[in-house]
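Examining the three-dimensional arrangement
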Amino acid sequence: MAVLLFHSVDCQTPLDIAFIVDSSGSVGRQEFKRTLDFVANITQSFDISSVPGGTRVALIRYAVKAEVIFKFNTFANRVDLLNAIRNTSFSQEPSGTYTDDALLLSHNELFEDPLSGVRERYQGIPRVLVLFTDGKTERGFQSIVQPSRMLKESGVNILVIAVGKKLNHLEINEIASDPDDQHVYHLNTFNEFDLQDFQKRLQDDFCYGKQQKVCKICRSPTFVWHSLFAKAHSALYPYEVVR
């Protein structure tokens, strides 16, 4: 029997993290399923719970219209959360990418609505939004400027996973938090992930001090961003198989 050895980042912190997944026709069912698998593999390494020290997850699906699939307080355990993510259906709507609507929805109904289960900013829980997109929004660059700024003013760290070759880099950089090189991840396909070396560098440089193994930057947006992808990558692609 093969044993899968997953490499993971040791340093963790509770989050209020929302995912916006692109379900437009240009993505297609197969890549949409891959996106959901990626989201599931990110979330499964967190302590999913409604208690103060737990991570809370929300999900929005968007194409021609944006829809909240579940909020931060919908699921209080990992099993139910993972089932909900993986059972999210592909949109049957006509092709269209209305990213601005998805961003505005996440602001109004997730991060600025206390009934969504988001924690108050004074509690110091990092707020993270991960946006998946394969292209540019239908309404153009100006449509995403205001909702992106509103989210950032609400203390949300916005991370963009841009997949494909027909990307509007100006738009993606405007959506993402600064600096762009730490909050934007460009891929031609999901198969391009190779973050083991970078994961090790994060552990060596940030989580482990030279004299003691103490995580000093768990709450920094940069650490949250890269640790998310290290976790997802280790679960999706490069397993080390020992027989």
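Whatever comes next refers back to the structure up there.
The notes below deal with the structure included here. Predicted model only: the values in this text are computed from it and were never measured. (Residues numbered from 1 in each chain as written. Predicted model: local features only at pLDDT ≥ 70, side-chain atom pairs only at ≥ 80, totals over all residues. Heavy atoms only, no water.)

**Some remarks on the packing of helix α3 (residues 99–111) against helix α4 (residues 142–153)**
Put simply, α3 and α4 touch, their axes get as near as 8 Å, and they point 25° apart. As far as their axial angle goes, α4 and α3 are roughly parallel. Regarding α3 and α4, the two cross each other, and that crossing is left-handed. On α4, the residues touching Thr99, Asp100, Leu103, Leu104, Ser106, His107, Asn108 and Phe111 of α3 are Ser143, Ile144, Pro147, Ser148, Met150 and Leu151. Among the residues forming the contact of α3 with α4, the class breakdown is 7 nonpolar, 6 polar and 1 charged. (Axes fitted to C-alpha atoms, helices over the stretch in contact; angles between N-to-C directions. Helix = DSSP H or I, 4+ residues; strand = E, 2+ residues; numbered from the N terminus. Parallel < 35°, antiparallel > 145°, perpendicular 65-115°, else oblique. Left-handed = near helix turned anticlockwise from the far one by under 90°. Contact = heavy atoms within 4.5 Å. Nonpolar A, V, L, I, M, F, W, Y, C, P; charged D, E, K, R; others polar.)

**Focus on the layout of surface pockets**
If you roll a probe as big as a water molecule over the atoms, it shows you where there is empty space left. Counted as a void, the largest pocket has a volume near 230 Å³. Forming the walls of the largest pocket are 14 residues, and the residues nearest its centre are Ser26, Val27, Glu31, Asp134 and Val163. Among the elements of the structure, α1 (28–43), β5 (127–133) and β6 (156–163) are those that each provide at least two residues to the lining of the largest pocket. Its residues assigned to classes, the lining of the largest pocket comprises 5 nonpolar, 5 polar and 4 charged. (1 Å grid on protein atoms, 1.4 Å probe; cavity = no way out; pocket = protein on both sides within 12 Å on 5 of 7 lines; lining within 4 Å. Points joined across faces, edges and corners; volume = space filled by probe spheres on them.)

**What to know about the environment of valine 160**
Topologically, valine 160 is positioned in strand β6. Residues valine 160 and phenylalanine 132, spaced 28 residues apart in sequence, show a C-alpha to C-alpha distance of 6.1 Å.

**Details of α3**
Look at α3: 17 Å from first C-alpha to last across 13 residues, which is about the 18 Å you get at 1.5 Å a residue. All of the buried residues along α3 are Thr99, Asp100, Ala102, Leu103, Leu105, Ser106, His107, Leu110 and Phe111. (Expected span 1.5 Å × (residues − 1). Buried < 20%, exposed > 50% of the residue type's maximum accessible area, 1.4 Å probe, protein only.)

**A look at the sheet that holds strand β7 (residues 184–187)**
Backbone-to-backbone hydrogen bonds join strands into a sheet, with any given pair of strands oriented parallel or antiparallel. The strand order across the open sheet formed by 6 strands is β4-β3-β2-β5-β6-β7, and the pairing between neighbours is mixed. Only two strands of the sheet have a single partner each, and these edge strands are β4 (66–70) and β7. On average, adjacent strands in this sheet sit at an angle of 20° to one another, irrespective of strand direction. When strand β2 (residues 16–22) meets β5, the two strands line up parallel, connected through 5 bridges. (Pairing = 2+ DSSP bridges.)

**Quick notes on unusual backbone geometry**
For the bond from aspartate 178 to proline 179, the omega torsion is -5°, close enough to zero to count as cis. Counting through the fold element by element, proline 179 comes out in the loop between α5 (169–175) and β7.

**Thoughts on the environment of glycine 117**
With respect to the secondary-structure elements, glycine 117 resides in the loop between α3 and β5. Residue glycine 117 is classed as buried on the basis of its relative accessible area, which comes to 9%. Sequence separation between glycine 117 and serine 50 is 67 residues, and the spatial gap between their C-alpha atoms is 8.5 Å. Filtering out sequence-adjacent residues up to four positions away, glycine 117 remains in contact with Arg56, Phe72 and Asn73.

Just distances and angles here, no functional claims.
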